[in-house]
Amino acid sequence: RIPRQMPTGPRAEKPSLPETAPPSFMSTFSILRKGSVDATCGLIITLLSVVDVALLLVLSLSQTVASLFKGVTRSSSDLLLSRPSVVVVGGSFSGLWAQRALSDSYDVTLVDFKDYFEYTPGVLRLFVQPSWLSRLSGPLPRRRNKLVVGEVVAVHPTEITLRTADGEEAQIPFDYLLLGCGSSYAAAPVKASPREPDLPSRRRSWEEAAARLARASSVLIAGGGPVAVELAAEVLDAYPSVSVTLVTSGTSLCSGLPAAVGEATARWLELRGAALHYSSRVESVRPDSVTLVGGQVLSADIVYPCMGAPPASAPLEGSLASQLDERRRLRLTPQLQPAEQNGSPASGWSRVFGMGDVASLPAGELQLGHTAELNAHVAAENMRRSAAGRPLEEYPRGAVGCERSPRVFCVSLGPHDGVVAFNGLVLSGAV
């Protein structure tokens, strides 16, 4: 609102203007000084007209540039005039981290054989409380990205091939590919399978597994790692009268972690009646028994094989077969790109990055959810840098600023106890 009369006093003194000020500036100041509303509105309209003309010129220039690039291959004009297409394989920790990091700047397609996320570190509770699935799962994102549900069966330098639920195959081209294929697990239904593409089918699997355990009076778990220990703890907490036996080839439980972890978990299990068999290598596994090397047979109502999680690298065994290591994990450069056996970058695969359980990580690095996200941090950043022609970062320095990522983990012992560790610091008890 413009006052009818300008106030008097020191504040109303007319400011001194440069003698060399252009007439347009002088006239504009005079208009505002006199409070002429009509003239001010006219000036604003004139300025908006100038902006409108400038926008029309920019639009015309962009159309001209587009016409110049018409017919040029995707590797040049499309990357200049449209957002690069990024395919992310895997809807778990690494894949979802990459999807969140890239969807605002790139055309991201998330591919998984299921349309939901399941929080794998908590799923062992579902053997005794299958109703918890709703707390541990949710739909995969599709608001800022495209979601394609199908099983990837082959990977090539510029496209992937997937098989949909109806058995048909389709190809999805990409400018960049981030592989977070994950892993599988012998003890069903710890890891979801293509036979469980939606939550209703997954819920049925967990309900069947829980019902089978509820009928058992004895359980044998082949393995001594964190998954075996956590499963044994869930069973003992829910069914204290069930006989639980663990068989491991190691001399302690959780042998890949600090010794204090194995000691604490062993005390907890033995206090609740579990039988622990160390230095016992398993030769074969049946639904109701295991045979040890040497011929000894141990029987139980249910046998859960928990002897590692092989990578889900079957789609890579064609064109990337020579880049898989002896454990069938994808061998990577420090920049997380496919590597040859000698560590050099694999020719033709510079726009592909690996992360998560399918990746062969540096020695001593644990295959955990949070390390998968650290992988994705560097993979996504290097995808951006590659698109911009900038030098790539190395893992793990690009994620944590040092040559080794922190070893952070928790081994759950039922709903109330556990062992938490940060590098060499180990704490156990109620959590």
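Predicted model only: the values in this text are computed from it and were never measured.

A. Broad picture of the pattern of salt bridges. Taken as a whole, this structure holds 16 salt bridges when the rule is applied. Note that lysine 191 and aspartate 357 form a salt bridge whose closest N and O atoms lie 3.9 Å from each other. Of this pair, lysine 191 sits in the loop between strand S9 (176-179) and helix H6 (199-215) while aspartate 357 sits in the loop between strand S17 (352-354) and helix H9 (369-388), and the two are 166 residues apart along the sequence. A salt bridge links arginine 328 to glutamate 317, with the nearest nitrogen and oxygen atoms 4.0 Å apart. Of this pair, arginine 328 sits in the loop between strand S16 (302-305) and S17 while glutamate 317 sits in the loop between S16 and S17; the two residues are eleven residues apart in sequence, bridging distant segments of the chain.

B. Just the packing of helix H7 (residues 226-238) against helix H8 (residues 259-271), in detail. Look at H7 against H8: their axes get within 10 Å of each other, and the N-to-C directions meet at 25 degrees. By the criterion of interaxial angle, the relationship of H7 to H8 is roughly parallel. Like other packed secondary-structure pairs, H7 and H8 cross with a definite hand, here left-handed. Where H7 approaches H8, its residues Val229, Ala232, Ala233 and Leu236 are matched on the opposing element by Thr265, Trp268 and Leu269. Residues that form the contact of H7 with H8 fall into these classes: six nonpolar, one polar and no charged.

C. Main features of unusual backbone geometry. The omega angle of the peptide bond from alanine 188 to proline 189 is 0 degrees, so this bond is cis rather than trans. Topologically, proline 189 is positioned in the loop between S9 and H6. With an omega of 5 degrees, the peptide bond running from tyrosine 395 to proline 396 counts as cis. Within the element layout of this structure, proline 396 appears in the loop between H9 and helix H10 (397-400). Of note in the backbone geometry, cysteine 254 takes a positive phi value of approximately 50 degrees without being a glycine. Tracing the sequence through the fold places cysteine 254 in the loop between strand S11 (243-247) and H8. Backbone geometry places serine 279, a non-glycine residue, at a positive phi of 50 degrees. By the secondary structure assignment, serine 279 is in the loop between strand S12 (275-277) and strand S13 (282-286). Using a relative accessible area of 52% as the deciding quantity, one classes serine 279 as exposed.

Reading the values: the criteria
- Residues numbered from 1 in each chain as written.
- Predicted model: local features only at pLDDT ≥ 70, side-chain atom pairs only at ≥ 80, totals over all residues.
- Heavy atoms only, no water.
- Salt bridge = Lys/Arg side-chain N within 4 Å of Asp/Glu carboxyl O.
- Helix = DSSP H or I, 4+ residues; strand = E, 2+ residues; numbered from the N terminus.
- Axes fitted to C-alpha atoms, helices over the stretch in contact; angles between N-to-C directions.
- Parallel < 35°, antiparallel > 145°, perpendicular 65-115°, else oblique.
- Left-handed = near helix turned anticlockwise from the far one by under 90°.
- Contact = heavy atoms within 4.5 Å.
- Nonpolar A, V, L, I, M, F, W, Y, C, P; charged D, E, K, R; others polar.
- Buried < 20%, exposed > 50% of the residue type's maximum accessible area, 1.4 Å probe, protein only.

These values are about where atoms sit, not about what they do.
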